[in-house]
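Summary of structural features
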2 protein chains.
Amino acid sequence: MTIETMSTSKAHGGVQGVYAHDSEATGTRMTFSVFVPEHEEGEKLPVLWYLSGLTCTHANVTDKGEYRAACAEHRVIFIAPDTSPRGEGVANDDAYDMGQGAGFYVDATQEPWAPHFQMRTYIEQELPALIAEHFPVADMGAQAITGHSMGGHGALTIGLRHPDRFRSVSAFAPIVAPGQVPWGEKALGGYLGQDRAAWRQADAVALIEDGARLPDLLVDQGDADQFLTEQLRPELLAEACDKAGIALTLRMQPGYDHSYNFISTFMADHVAWAAERLRG
Amino acid sequence: MTIETMSTSKAHGGVQGVYAHDSEATGTRMTFSVFVPEHEEGEKLPVLWYLSGLTCTHANVTDKGEYRAACAEHRVIFIAPDTSPRGEGVANDDAYDMGQGAGFYVDATQEPWAPHFQMRTYIEQELPALIAEHFPVADMGAQAITGHSMGGHGALTIGLRHPDRFRSVSAFAPIVAPGQVPWGEKALGGYLGQDRAAWRQADAVALIEDGARLPDLLVDQGDADQFLTEQLRPELLAEACDKAGIALTLRMQPGYDHSYNFISTFMADHVAWAAERLRG
């Protein structure tokens, strides 16, 4: 599998790169960014995945996430994929919450999405293999994952489905129960069809109800987030974790909204949380 | 003088805002951003100005500068103005290094620029008065200023012309001698005319040669910066400071380029440098 280097730039002692490749999973050209901290020749570092929210590409967190200083300090590789396939010939929707920029980290089974919207396979299988081949990554059986909003949903569901692979799972303002909120009902209905049984593998709260377990979780949520009560509903995750015995650290952050001003404020905490578990 | 609040968002305990106003100096609508750290009711904080480089608006450093954590720690207000007047009816040039996005922090005397390109008056007079009126700023006789590239030129020249007003001056990859490099010769010739005597007030090296003094200066410069040898030429500043007895700390940063990956890496150092002098 080959990758094209779009740009590299020294940052906080390491290298911030942007890369592109032809994805088999999506059948499109996909772009992602990787920050590799300064390290010894031959040294391997653990990885932290960051999955982005609606409308984002790799660039939003790469520009605004303020993760590089913390990743350099903790010597963690930071990977930021795109949120969907893109381009001519790829289905789209006029709304911001469906289609390009809104892949929801699922493998679509429904037309017109199925041919390209295979983001679950892309993020769970194809991209990790590509990363392992091209970057100085340590044990891919001990990864960390986080994400924001739709990407928080992605991080929680991928983490819950692969407890063997992830030592650390956290999220910023995640969609915790897409099957119970408008964004999720639209997207999962569109990508996976109207049989709600098929949605449960793509819903963190449903996965926990169905038996998925993780030792612990960190979630930050701004209490001035405009999407809090209708789309995010962290209380549903708190209830599910409580019943399941999952140690959820849910921090309601007073006055914070849904933007990168919120994410960047708490990014260093999530990197530290991941680093502690990756090397613990 | 009234300002319009375009957005505010909590970040690193403080408030990141974006504001707009009708400028008398430029005769246009101007946008700027201000970060105000968390502070006590009634408390006043010192200010650090950041002047941006070619093509930038207030948004580039606001998104990518990674200054908020350091400004919150040191309790310094961070102000990011635009780099020129903009809009219909404002003169422009097809090139990126002249016209809109390239005001060079001078008051243009030449047509077609003179009616709107009055960035020296805007940054030195009008905007400070506006800031003092609307934000919890401490003594405007003890400010700090920094900037990048064209904005580094702005910071150095404004600092050198007003040693009574600025306790701290620093720069990232500044154009130190616009009168001796292509970017500067084009811009100063265009805005100020071909009489080079008029350029000396807009050239840090010339100002020092002509007697301007500051106690000290911090300059960071990447040695992989593509503009280093032709446009930036920090050795000219080093020579002028040496002759003048100005304590220049010039740090050549190995492997760093001209981008915000460079700026954000060393931003916290510049905020700390400013804070030490503002409160020293």
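Residues numbered from 1 in each chain as written. Chains lettered and ligands numbered in written order. Predicted model: local features only at pLDDT ≥ 70, side-chain atom pairs only at ≥ 80, totals over all residues. Heavy atoms only, no water.

Points about the relation of the copies chain A and chain B
In summary, the two copies of the chain are related to each other by a rotation about an axis coupled with a shift along it. Heads up, the condition is: Alignment of copies: least-squares fit on C-alpha atoms of residues with pLDDT of at least 70 in both copies.
Screw-axis analysis of chain A against chain B gives a translation of 0.0 Å along the axis, an RMSD of 0.0 Å, and a rotation angle of 180°. Viewed as a symmetry operation, the transformation between the two copies matches a two-fold axis.

Description of the confidence of the model for chain A
Cut-off, in case you're wondering: The predictor attaches a confidence to each residue, called pLDDT, with possible values from 0 through 100.
Per-residue confidence for chain A averages 97 on the pLDDT scale, and 100% of its residues sit at or above 70. The ipTM assigned to the predicted complex is 0.95, against a pTM of 0.97.

Observations concerning the pairing of strand β5 (residues 77-81) of chain B
Residues and elements named next belong to chain B. The cut-off we apply is this: Each residue is assigned to one of three classes by its accessible area relative to the maximum for its type, calculated with a 1.4 Å probe on protein chains only: buried under 20%, partly exposed between the two thresholds, exposed over 50%. By the criteria applied, helices consist of DSSP H or I runs no shorter than four residues and strands consist of E runs no shorter than two, each listed in order from the N terminus. Two strands are said to pair when DSSP picks up at least two bridges between them.
Most of β5 sits out of view: five of its five residues are buried. Burial of the side chains of β5 extends over both faces: Ile77, Ile79 and Pro81 are buried on one face and Phe78 and Ala80 on the other. For strand β4 (residues 47-51) and β5, the ladder comprises three bridges, and the chain directions are parallel. In the strand pairing of β5, Val47 is matched with Ile77.

Focus on helix α9 (residues 260-278) of chain A
All names here are of chain A. Here is the rule we go by: In this analysis, the expected span of each helix is defined as 1.5 Å times one less than the number of residues it contains. Note that bend, as reported per residue, equals the angle between axes fitted to the 7 residues terminating at that residue and the 7 residues originating from it. The definition of a polar contact used here is a pair of N or O atoms within 3.5 Å, where within protein one atom must be able to donate a hydrogen and the other to accept one, and adjacent residues in sequence count solely through side-chain atom pairs.
Helix length check: α9, at 19 residues, gives a terminal C-alpha distance of 25 Å against a target of 27 Å (1.5 Å per residue), a fit within 8%. For α9, the principal kink sits at Phe266 and spans about 45°. The buried fraction of α9 amounts to 14 of the 19 residues, a majority that puts the element mostly inside the structure. The N-cap residue of α9 is Ser259: its side-chain oxygen and the backbone nitrogen of Asn261 are 3.1 Å apart.

Focus: the sheet that holds strand β5 (residues 77-81) of chain A
Residues and elements named next belong to chain A. We apply this condition: Axis angles are defined between N-to-C directions and span 0 to 180 degrees, where every axis is a line fitted to C-alpha atoms and, for a helix, only to the segment in contact. The contact criterion used is simple: two residues touch if any of their non-hydrogen atoms lie within 4.5 Å.
Ordered by their spatial adjacency, nine strands build an open sheet running β1-β2-β3-β5-β4-β6-β7-β8-β9, and the pairing between neighbours is mixed. Taken across any chain shown, the strands that pair with only one partner, and hence form the sheet edges, are β1 (4-11) and β9 (247-253). Mean inter-strand twist for the sheet, computed between neighbouring axes without regard to direction, equals 15°. Seen against the sheet, helix α3 (residues 119-134) touches β2 (14-22), β3 (29-36), β4 (47-51) and β5 and runs at an angle of roughly 50° to β3. Contacts from helix α8 (residues 234-244) reach β8 (216-222) and β9, with the element oriented near 155° to β9.

Re unusual backbone geometry
Cis geometry marks the peptide bond from Glu111 of chain A to Pro112 of chain A, where omega comes out at 0°. Of note, Pro112 of chain A is situated in the loop between β5 and α3. At Phe104 of chain A, a position not held by glycine, the phi torsion is positive, near 60°. The residue Phe104 of chain A is located in the loop between β5 and α3 in this model. We classify Phe104 of chain A as buried; its relative accessible area is 0%. Even without being glycine, Glu66 of chain B reaches a positive phi, approximately 55°. Along the chain, Glu66 of chain B turns up in the loop between α1 (58-64) and α2 (68-74).

Things to note about the interface of chain A and chain B
Just so we agree on the cut-off: Buried area is understood as the total, over both parts, of accessible area removed when two parts are fitted together, assessed with a 1.4 Å probe. The term salt bridge refers to a pairing of a side-chain nitrogen on Lys or Arg with a carboxyl oxygen on Asp or Glu at a separation within 4 Å. Residues are grouped as follows: nonpolar covers Ala, Val, Leu, Ile, Met, Phe, Trp, Tyr, Cys and Pro; charged covers Asp, Glu, Lys and Arg; every other residue, Gly included, is treated as polar.
Between chain A and chain B, the contact holds 20 residues from the first and 20 residues from the second. Of all residues in chain A, Lys10, Glu66 and Asn261 of chain A give up the largest surface area on contact with chain B, accounting jointly for 37% of the area buried on that side. On the surface where chain A and chain B come into contact, there are two salt bridges. Joining chain A to chain B, the criterion identifies 16 residue pairs in polar contact (both at pLDDT 80 or more). Of all elements in the fold, only β1, α1 (58-64) and α9 of chain A reach the threshold of two or more residues within the side of chain A that touches chain B. Along the lines of polarity and charge, the residues of the side of chain A that touches chain B split into four nonpolar, ten polar and six charged.

With respect to the UniProt feature "active site" (unreviewed entry) in chain A
Residue and element names in this part refer to chain A. As a reminder of what qualifies: UniProt positions are given in the numbering used here, feature names are shortened, and annotations may be inferred rather than shown by experiment.
Taken from the UniProt record, the annotation "active site" (unreviewed entry) applies to Ser149, Asp225 and His258. A maximum C-alpha distance of 10.8 Å is found for the annotated residues, which run over 110 residues; spatially they form one tight group. Summarising the element assignment, Ser149 is placed in the loop between β6 (143-147) and α4 (150-161). Tracing the backbone through its elements, the reader meets His258 in the loop between β9 and α9. Apart from residues lying up to four places away in sequence, His258 is in contact with His148, Ser149, Ala173, Asp225, Phe227 and Leu232.

Focus: the side chain of Thr83 of chain A
Residue and element names in this part refer to chain A. Examined against the element boundaries, Thr83 turns out to sit in the loop between β5 and α3. A relative accessible area of 0% means that Thr83 is categorised as buried. At 2.6 Å, the side chain of Thr83 and the backbone oxygen of Cys56 are in polar contact. Excluding residues that lie within four positions of it along the chain, Thr83 makes contacts with Ser52, Gly53, Cys56, Gly101, Ala102, Gly103, Phe104, Tyr105, Met119 and Met150.

Things to note about the packing of aromatic side chains
All names here are of chain A. To keep it simple, the criterion reads: Side-chain rings of Phe, Tyr and Trp (the six-membered ring for Trp) are treated as a pair once their centres are within 6.5 Å; stacked means planes under 30 degrees apart, edge-to-face means over 60, and tilted covers the remaining angles. Geometrically, a lysine NZ or arginine CZ counts as sitting over a ring once it is within 6 Å of the ring centre and also within 35 degrees of the ring normal.
Across all of its chains, the model carries 30 aromatic pairs over all chains by this definition. In this structure an aromatic cluster arises from ring pairing among Phe35, Tyr50, Tyr67, Phe78, Phe172, Tyr256, Phe262 and Phe266. The ring centre of Tyr67 lies 4.9 Å from the NZ or CZ of Arg68, which sits over that ring.

Examining the sheet that holds strand β3 (residues 29-36) of chain B
Strand pairing in a sheet takes place through backbone hydrogen bonds and is either antiparallel or parallel in direction. Read across the sheet, nine strands follow the order β1-β2-β3-β5-β4-β6-β7-β8-β9 (chain B) without closing on themselves; strand pairing throughout is mixed. Both outer strands of the open sheet, β1 (4-11) and β9 (247-253) of chain B, are each paired with one neighbouring strand and no more. Averaged over all neighbouring strand pairs, the angle between strand axes comes to 15°, with direction disregarded. Note: β3 of chain B against β5 of chain B, four bridges, orientation antiparallel. Within β5 of chain B, the residue paired with Ser33 of chain B across the bridge is Ala80 of chain B. Running at roughly 25° to β1 of chain B, α9 of chain A makes contact with β1 and β2 (14-22) of chain B of the sheet. Here helix α4 (residues 150-161) of chain B sits on the sheet in contact with β4, β6 (143-147), β7 (166-172) and β8 (216-222) of chain B, set at roughly 155° to β7 of chain B.

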